[in-house]
Amino acid sequence: MVCLVGLAGVTQAADFPPITDEERSLAAVPGQATAPALVLYRKAELRMLDYPREVSSYLKVNVRIKILTEEGKKHGEVEIPHSGFYRLKKVEGRTVLPNGQIVPLPEDAVFEERRSRSLKAFVTKLVFPAVEVGAILDYRYTVRWDSLFYLEPWYFHGRLPTRLSEITYIKPNNLGLEPWAVQTQPQPLQTSTTKTKLGTELRIWAEQLAGIPDEPYSFPFADLATRFMLVPTVVNLSSGPEPLLDSWRSACSIFADDYKNARRSDRQTKKKASALTAGLPSLIEKVASLHAFVRDEIRTDLTYGVGIGDKQTVDRVLADGHGTPVAKALLLQSLLAGVGVDSDLIWVADRNLGRVDLSVANPWWFDGGLVRIEVDRETTYLDPVDRSAGFGQLPPYYEGTPALVFHRSKPEIIELPIAPATENLRRASLDLAVDSDGRVGGRGSLELEGHQAWRYVRLGEDTAATEDAWREYLEERFSGYDVTAIEVEEDLREQHVRIGWSLRQRDEEVLGDEVSVYLSKPLGPAAHPFSLPAGQRRTPVQMLYGRLDRLTATLSWPEGWELQAAPPDASHTGTAGTVEVHTETAETARRVEFKRRFELSGREFGGNDGYTALRNLYDQASKLDARPVVLLRE
């Protein structure tokens, strides 16, 4: 992080709009008494490049925030994203104290944090001075870029309640635009249009917006906010109209030449394909080897979008050892072509960044690329970026999302497949015994498949670090036990992880005449993340993936001990999933066997009914897991 002392464009402005008496006296948000702060207004002006007469577009943003509580003081830190392409040119700010004193934003309170060196991606942080309850924060900034495209929607909502949010588009006369909007608030968006000599000014605004709550496992913010965008569809030049984003075919044509040229320079790439696959007996093994090389050995440049960089080629990506997600996908395609495998480039969008609407031909919806192949009449998707994704395994944040098969003339919209919940498996076993002193010990194992393995594969950089990470994981779940003899086996290609370990109860935990053991560990007791009553939950739920847990645990004991309690058989089935436990006791053999099954059937749960079903599932699971086996010395 770099302090921007003396950087041109960081100024101490004093000419913000005057603060009204009403803004100064405001102490709470009507109807939202607990709101920590209030956005009094958030205004933007977006001037689109008048091609070919102008060289850049710009976005000017003005924000005013009122701090209402002690908790609200954390909003005295603000982040502004920008990059080498979207250039932050001017930042101004001030704090206005309740007594009217103005404290300018000093230059040493503005920090720049680099997010990607190769792509010049940054976040500038503003740390406002003298923030206190009743203070008003003003800031504004300008971003410029050398293109007529700006395809990030304007989000009217924020986490804080907002009195006024607006954006004014200033579009040149030679540019054709199509509006796109998603409304999540009851009040309609308001618009006004003004004609000028230079073009048209379109103002869109919304008032009295409630803040979007930050609830556990909520949908992405981008799904929950009211948003608006103008999509450039045609530019009228002296030579005639030139289509822009009027269709996916037009959108693909913007990138087609860059992609084609990138793959044309592939002499070294073809040599690498031969070297990497020499001696491998089958085509599928060759494909897996090439996929693993690109995924693991070529570093991924942090970026958004489907661009590949200026004059980028697959040979250059190979030589440099890094590239954008789509550049890596193109490299993988060229490597596969070197062994005779045809493939398709698939534009994809991370579900965690918001649901995309492919009825609008906006290539900036997408943030990465997959490679689709067909081997032995089986369609397989290869992710060249995610180092936890095995061969043919889609990361969960891509599953079920709309995607685009890139093609210059015949692009195709598809939906990526979703693995059944039963394929995302955790299978655990415990074999525990009580010795004559009342100490519990034994062995355990845990197998992970599908997304469960994706989540935990490569916990450490090497074998020792991986074992340490699993030791920490197990000691957290087996509090009061020493965890030793950890064995870890990982098969990334098959998306499978197996862990084995030994347990021994610590001296200070041994009671001597009583034993109490929760046999649902390490998969339980189920943590309940949905404590908010159904009537109070305001956002739908998005889990990472559906899953299945299976556990079998046995506990045996020597003579001189008597079984006092064991979990009874019970089950619960609802639309969100199933939980069931079954216990078999053999007192003459001095042995208890406990079986537990938990299935979360889906990922997204909307509305009151969906949330209630999910909450009931976790309610029942936490209750069933909270019943220990209890032994007493006779």
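Residues numbered from 1 in each chain as written. Predicted model: local features only at pLDDT ≥ 70, side-chain atom pairs only at ≥ 80, totals over all residues. Heavy atoms only, no water.

Caption draft 1: Examining the side chain of Lys 66 more closely. In this structure, Lys 66 sits in strand E4 (residues 57–67). Glu 22 provides the closest opposite charge to the buried, unpaired Lys 66, separated from it by 8.3 Å. At 2.9 Å, the side chain of Lys 66 and the backbone oxygen of Glu 23 are in polar contact. Within the local environment of Lys 66, its side chain forms a polar contact with the backbone oxygen of Arg 24, the two atoms lying 3.2 Å apart. (Helix = DSSP H or I, 4+ residues; strand = E, 2+ residues; numbered from the N terminus. Buried < 20%, exposed > 50% of the residue type's maximum accessible area, 1.4 Å probe, protein only. Lys, Arg positive; Asp, Glu negative; His and termini not counted. Salt bridge = Lys/Arg side-chain N within 4 Å of Asp/Glu carboxyl O. Polar contact = N/O pair within 3.5 Å; in protein donor to acceptor, adjacent residues only side chain to side chain.)

Caption draft 2: Structural context of the packing of aromatic side chains. The tally for this structure, following the rule as stated, stands at 24 aromatic pairs. With centroids separated by 4.8 Å and ring planes inclined at 55°, the aromatic side chains of Tyr 259 and Phe 406 adopt a geometry described as tilted. Note that Tyr 259 is positioned in helix H3 (residues 248–264) and Phe 406 in the loop between strand E23 (402–405) and strand E24 (412–415), a separation of 147 residues in sequence. Residue Tyr 259 is classed as buried on the basis of its relative accessible area of 5%. An aromatic cluster is built from Trp 248, Phe 255, Tyr 259, Trp 347, Trp 364, Phe 366 and Phe 406, whose rings are joined through pairwise contacts. The ring of Phe 16 carries Arg 140 above its face, with NZ or CZ at 4.2 Å from the centroid. Above the ring of Trp 205, the side-chain terminus of Arg 203 is found at 3.8 Å from the ring centroid. (Phe/Tyr/Trp six-rings, centres within 6.5 Å; stacked < 30°, edge-to-face > 60°. Lys NZ or Arg CZ within 6 Å of the ring centre and 35° of its normal.)

Caption draft 3: Molecular detail of the environment of Leu 474. Relative to the helices and strands, Leu 474 resides in helix H9 (residues 463–477). Sequence-wise, Leu 474 and Ile 486 are 12 residues apart; in three dimensions their C-alpha atoms are separated by 9.8 Å. Ignoring anything within four residues of it in the chain, the contact list for Leu 474 reads Val 483, Ile 499 and Trp 501. (Contact = heavy atoms within 4.5 Å.)

Caption draft 4: How the structure looks around the sheet that holds strand E32 (residues 561–565). Read across the open sheet, the 3 strands follow the order E29-E37-E32; overall the sheet is antiparallel. The open sheet has two edge strands, strand E29 (514–517) and E32, and neither has a second partner. Each strand axis lies, on average, 25° off the axis of its neighbour in the sheet, ignoring direction. (Pairing = 2+ DSSP bridges. Axes fitted to C-alpha atoms, helices over the stretch in contact; angles between N-to-C directions.)

Caption draft 5: Structural context of the packing of helix H4 (residues 267–277) against helix H5 (residues 283–297). Where H4 meets H5, the closest approach of the two axes is 9 Å, and the angle between their N-to-C directions is 120°. Judged by the sense of rotation from one axis to the other, the crossing of H4 with H5 is right-handed. Contact residues: H4 offers Lys 272, Ala 273, Leu 276 and Thr 277, while H5 offers Lys 286, Ser 289, Leu 290 and Phe 293. Here the contact of H4 with H5 is composed, by residue class, of 4 nonpolar, 2 polar and 2 charged. (Left-handed = near helix turned anticlockwise from the far one by under 90°. Nonpolar A, V, L, I, M, F, W, Y, C, P; charged D, E, K, R; others polar.)

Caption draft 6: Structural detail: the environment of Ser 250. Within the secondary structure, Ser 250 is located in helix H3. Overall, the relative accessible area of 12% leaves Ser 250 in the buried class. Placed 111 residues apart in sequence, Ser 250 and Ala 361 show a C-alpha to C-alpha distance of 8.2 Å.

Caption draft 7: Highlighting the pattern of salt bridges. Within the structure shown, the criterion is met by 32 salt bridges. Notably, a salt bridge pairs Arg 87 with Asp 146, separated by 3.1 Å at the nearest N-O pair. Residue Arg 87 is located in strand E6 (residues 87–96), and its partner Asp 146 is located in the loop between strand E10 (136–145) and strand E11 (154–155); the two are separated by 59 residues in the primary sequence. Judged by its relative accessible area of 24%, Arg 87 is partly exposed. In this structure, Asp 257 engages Arg 408 in a salt bridge whose closest nitrogen and oxygen atoms are separated by 2.6 Å. One end of the pair, Asp 257, is in helix H3; the other, Arg 408, is in the loop between E23 and E24, with 151 residues separating them in the sequence. A relative accessible area of 44% places Asp 257 in the partly exposed class. A single network of salt bridges, built from pairs that share partners, joins Asp 15, Lys 90, Glu 92 and Arg 140.

Caption draft 8: Representation of the confidence of the model for the protein within the structure. Scored by pLDDT, the protein comes out at a mean of 91, with 96% of its residues at no less than 70. Confidence over residues 1–13 falls short of pLDDT 50; this stretch has 38 contacts with residues more than four positions distant or in other chains. (pLDDT = per-residue confidence, 0-100.)

Caption draft 9: Inspection of the nonpolar core at higher detail. Core analysis: the biggest nonpolar cluster contains 93 residues, and Tyr 169, Tyr 259 and Trp 347 have the highest contact counts within it. Here this core takes 8 residues from helix H7 (residues 325–338), the largest share from any one element. Not counting residues up to four positions away in its chain, the partners in contact with Trp 347 are Trp 248, Ala 251, Cys 252, Phe 255, Tyr 259, Val 306, Pro 363, Phe 366, Gly 368, Ala 403, Leu 404 and Phe 406. Judged by nonpolar contacts, the second largest core, of 53 residues, contains Ala 428, Leu 448, Leu 503 and Leu 563. (Core = buried A, V, L, I, M, F, W, Y, C linked by side-chain atoms within 4.5 Å.)

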